[in-house]
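The primary structure of each chain is shown beneath.
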Amino acid sequence: MAIARLLGGPLDGQVLPLEDPDLERYIAPYGEGQLVYERDGALEHTGEHDGPTEATFRYVEATEDINPDPDGRDE
C-alpha cells in the first residue's frame, strides 16, 4: 500500500491512498472542476518494515475557480 501526502491548495495536509506509487500527477475532483497536484521528491518509506510507501504531491492548479463560499452563506 502507498499513500499520497498533499501539500498546498484546498486539500493541504490530506493523506490519501495511492494505488500507483510511481504516479507523477495526482488529479482530484473538486466542485465542478479538478485539482492538480504534481509529485514533489522521491518516494519515502520504501523499505519492508518502515510503514507504507509515501509520495508527496504539491498543488499546481485548479481547472475551475475555487470559491470557498459559493452560495454566500459565510457573509
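Scroll up to find the structure.
Throughout this document, residue positions are counted from 1 along each chain, in the order its sequence is written. With the structure being a predicted model, the display of local features is reserved for residues of pLDDT at least 70 and the display and counting of side-chain atom pairs for 80 or more, all residues being used for whole-chain, interface and lining totals. Heavy atoms from the whole structure form the basis of all side-chain values; hydrogens and water molecules are not counted.

This brings us to the nonpolar core. Grouped together as the largest cluster of nonpolar side chains are eleven residues: A2, A4, L6, L11, L18, Y26, A28, L35, Y37, A55 and F57. Runs of E in the DSSP output that reach at least two residues are strands. Runs of H or I that reach at least four are helices, and both are numbered from the N terminus. Elements that contribute at least two residues to this core include exactly β1 (2–7), β3 (25–30), β4 (33–39) and β5 (53–62). Of the residues forming this core, the biggest block, three residues, is contributed by β1. Whether two residues are in contact is decided by their heavy atoms, any of which lying within 4.5 Å being enough. Every residue in contact with Y26, bar those within four places of it in the chain, is listed here: L6, L16, L18, L35, V36, Y37 and F57. Think of a nonpolar core as a cluster: buried Ala, Val, Leu, Ile, Met, Phe, Trp, Tyr and Cys residues, connected wherever their side-chain atoms sit within 4.5 Å. Classification of residues uses two cut-offs on accessible area relative to the type maximum, computed with a 1.4 Å probe and protein chains only: under 20% is buried, over 50% is exposed, and between them is partly exposed.

Within the secondary structure, T53 is located in strand β5. A polar side-chain atom of T53 sits 3.5 Å from the main-chain carbonyl oxygen of H45. Excluding residues within four positions of it along the chain, T53 makes contact with M1, A2, I3, P21, L43, E44, H45 and T46. Polar contact is defined as a pair of N or O atoms within 3.5 Å, subject to the rule that within protein one atom must be able to donate a hydrogen and the other to accept it, and that residues adjacent in sequence are counted only when both atoms are side-chain atoms.

In this section: the sheet that holds β1. Hydrogen bonding along the main chain pairs the strands of a sheet, whether they run parallel or antiparallel. Taken together, five strands build an open sheet; the order of strands is β2-β1-β5-β4-β3 and the sheet is mixed. Two strands in the sheet have a free side with no partner beyond their single neighbour: β2 (15–18) and β3. Looking at each pair of strands side by side, their axes are set apart by 35° on average, direction ignored. Summarising the sheet, β1 and β2 pair through four bridges and their orientation is antiparallel. Residue pairing in the sheet places R5 in a bridge with V15 of β2. Here the rule is simple: two strands pair whenever DSSP picks up at least two bridges between them. The angle between two axes is taken between their N-to-C directions and runs from 0 to 180 degrees, where each axis is a line fitted to C-alpha atoms and a helix contributes only its stretch in contact.

This paragraph deals with the environment of E64. With respect to the helices and strands, the residue E64 is situated in the segment after β5. A C-alpha to C-alpha distance of 5.1 Å links E64 and G33, two positions 31 residues apart in sequence.

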